[in-house]
Amino acid sequence: RLEESEIKLNEALEDFKKITQGEDHYDIARIMREQALILWVKSREDEALSLLESAVMMQKRVYGEKYDSQPTVARTQQVLGNFYFK
């Protein structure tokens, strides 16, 4: 059901972008992280890494000084570390 997941995440991303009117948001970064996981499974590693790095940058902008204390940031960093490890 990977394709269905990808479609639903794309729909959610578009909805969040409309709601936030193009502004960064932690949920957008979270969706990007999940999309990166799907891309990785589909052997699109370069795209996955690029998307995940973009999610990290968005989280840095969104959380600012609180960046280091956010559980969602820790999860994103964990996924990024796993990607680099593999």
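One can find the structure itself at the top, above this paragraph.
Scope of this entry: the structure provided in the associated data block. Given the structure is predicted, the values throughout are model-derived calculations rather than measurements. Counting restarts for each chain, with residues numbered from 1 along the sequence as it is written. Thresholds applied to this predicted model are a pLDDT of at least 70 for local features of residues and 80 or more for the giving and counting of side-chain atom pairs; totals over whole chains, interfaces and linings are not thresholded and use all residues. Values shown for side chains rest on all heavy atoms present in the structure; no hydrogens or waters enter the calculation.

Helix and strand assignments follow DSSP, with helices taken as H or I runs no shorter than four residues and strands as E runs no shorter than two, numbered in order from the N terminus. Given the number of residues in a helix, its expected span is that number minus one, multiplied by 1.5 Å. Taking 1.5 Å of rise per residue, 19 residues should cover 27 Å, and helix H1 (residues 2-20) covers 27 Å from first to last C-alpha, within 8% of that figure. Type-normalised accessible area, obtained with a 1.4 Å probe on protein chains alone, sets the label of each residue: buried when under 20%, exposed when over 50%, and partly exposed for intermediate values. Along H1, the residues classified as buried are Glu6, Leu9, Leu13 and Thr20. Along the axis of H1, the buried positions cluster into a sector of 65 degrees, meaning they face one direction only. Exposed and facing more than 90 degrees away from the buried side of H1 are Lys18 and Ile19. The contact criterion used is simple: two residues touch if any of their non-hydrogen atoms lie within 4.5 Å. Those residues of H1 that are buried are in contact with helix H2 (26-41). This arc describes the spread of directions from the helix axis toward the C-beta atoms.

Fitted lines through C-alpha atoms give the axes, limited to the stretch in contact for helices. The angle between two N-to-C directions lies from 0 to 180 degrees. As a packed pair, H1 and H2 sit with axes 10 Å apart at the nearest point and diverge in direction by 155 degrees. Classified by the interaxial angle, the pair formed by H1 and H2 is roughly antiparallel. The two elements H1 and H2 meet at a crossing, and its hand is left-handed. In this structure, H1 uses Leu2, Ser5, Glu6, Leu9, Asn10, Ala12, Leu13, Phe16, Lys17 and Thr20 to contact H2, whose residues at the interface are Asp27, Ile28, Ile31, Glu34, Gln35, Ile38, Leu39 and Val41. Gly is put with the polar residues, along with every residue not named as nonpolar or charged; the nonpolar set is Ala, Val, Leu, Ile, Met, Phe, Trp, Tyr, Cys and Pro, and the charged set is Asp, Glu, Lys and Arg. Residues that form the contact of H1 with H2 fall into these classes: ten nonpolar, four polar and four charged. Any angle between 65 and 115 degrees counts as roughly perpendicular, while under 35 counts as roughly parallel, over 145 as roughly antiparallel, and the rest as oblique. Handedness of a crossing follows from how the near helix is turned relative to the far one, being left-handed for an anticlockwise turn of less than a right angle and right-handed for a clockwise one.

You can see phenylalanine 83 is positioned in helix H4 (residues 71-85). As a C-alpha pair, phenylalanine 83 and leucine 49 span 34 residues in sequence and 7.3 Å in three-dimensional space.

Note on ring pairs: Phe, Tyr and Trp rings are taken, using the six-membered ring of Trp, and paired if centres are within 6.5 Å. Classes follow the plane angle, with under 30 degrees stacked, over 60 edge-to-face and the rest tilted. The full count for this structure, using the stated rule, is two aromatic pairs. For the pair tryptophan 40 and phenylalanine 83, a centre-to-centre distance of 4.2 Å together with 10 degrees between the ring planes defines the contact as stacked. Of this pair, tryptophan 40 sits in helix H2 while phenylalanine 83 sits in helix H4; the two residues are 43 residues apart in sequence, bridging distant segments of the chain.

Once that is clear, we can look at the pattern of salt bridges. A pair is scored as a salt bridge if a Lys or Arg side-chain nitrogen falls within 4 Å of a carboxyl oxygen belonging to Asp or Glu. Tallying each qualifying case throughout the model produces eight salt bridges. The salt bridge involving arginine 61 is made with aspartate 24; its shortest N-O contact spans 2.5 Å. With arginine 61 in helix H3 (residues 45-63) and aspartate 24 in the loop between H1 and H2, this pair connects stretches of sequence that are 37 residues apart. When its relative accessible area of 51% is taken as the criterion, arginine 61 is described as exposed.

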